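Tertiary structure, described
Letter by letter, the chains look like this.
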Amino acid sequence: MMDTSEDWIERFPGLSRLEPPIKALIKQRSTIVTAPSGTTLFGPGNSPENMLFLLDGTVRVQQVSETGHEIVLYRIEAGQSCVLTTACLLAYDDYSAEGIAETAVRAAAVPRDVFDDLVAQSKSFRDFVFAAFSKRITDLFLVIDEVAFQKMDVRLADKLVKLANKDGIVSTTHQKLSVELGTAREVVSRQLQEFQRRGWIAQARGSISLLERTKLEQLAQRNG
């Protein structure tokens, strides 16, 4: 739990530009919530009670089909809010996806009634909400474009490069990569085997080493 005297609002550019009385109201009515890594923060069938502003950690938002097929929609990083939560608050609707804490997380929770009042009465707060909303919707269209139109080898190469640490190691499994890419585990496994055959990667239990990072980067830069 953090010191409630910390002015967390200033960590969000959109909120920091709000009028002082509105910032004071948000700070007064908000609470700080924490959750350990692996916690399901929200899921289908639940209705949001708060608008969450992430202060520390990373949250993965993913869609799960009736058959158990998963795809990562986006991630929420520190300094961001959740567009799905915003959409559900605006529409008085339940979540259609789930949010999983990938690390220990800490967030400021603004109650629904405060959110409703500010959206109705404050143009500056309304502008902040819809600016963040439109940015994330644009990101979601990119996800749709990737899944629908880009080749799997290009997408997998791009994902490996982005997930690798400074030593060129990706700590993951074939199943986790399939969720990231919205495809079957078998498809990922076949493509990884091809990368290994070319000498670009080496695979071990729970990790992948990038041996020819430049080759993967060149492939990732293609438009499919």
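Presented here is an overview of the structure given in this document. (Residues numbered from 1 in each chain as written. Predicted model: local features only at pLDDT ≥ 70, side-chain atom pairs only at ≥ 80, totals over all residues. Heavy atoms only, no water.)

Quick look at the pattern of salt bridges
- Inspection of the entire model under this criterion finds 15 salt bridges.
- In this structure, Arg-60 engages Glu-102 in a salt bridge whose closest nitrogen and oxygen atoms are separated by 3.0 Å. Here the residue Arg-60 occupies a position in strand β4 (residues 58–64), and Glu-102 occupies one in the loop between β6 (98–101) and β7 (105–111), the gap between them amounting to 42 residues.
- Note on Arg-60: relative accessible area 19%, which makes it buried.
- Where Arg-197 meets Glu-194, a salt bridge forms, and the shortest distance between an N and an O atom there is 2.6 Å. In this pair, Arg-197 and Glu-194 both sit in helix α8 (residues 185–197), three residues apart, roughly one turn of the helix. (Salt bridge = Lys/Arg side-chain N within 4 Å of Asp/Glu carboxyl O. Helix = DSSP H or I, 4+ residues; strand = E, 2+ residues; numbered from the N terminus. Buried < 20%, exposed > 50% of the residue type's maximum accessible area, 1.4 Å probe, protein only.)

Topic: the sheet that holds strand β10 (residues 207–210)
- With respect to topology, three strands assemble into an open sheet ordered β8-β10-β9, the strand pairing being antiparallel. On the outer flanks of this sheet lie β8 (169–170) and β9 (201–204), each paired with one strand and no other.
- Of the strand pairs in this sheet, β9 and β10 are connected by four bridges, and their pairing is antiparallel. Residue pairing in the sheet places Ile-201 in a bridge with Leu-210 of β10. (Pairing = 2+ DSSP bridges.)

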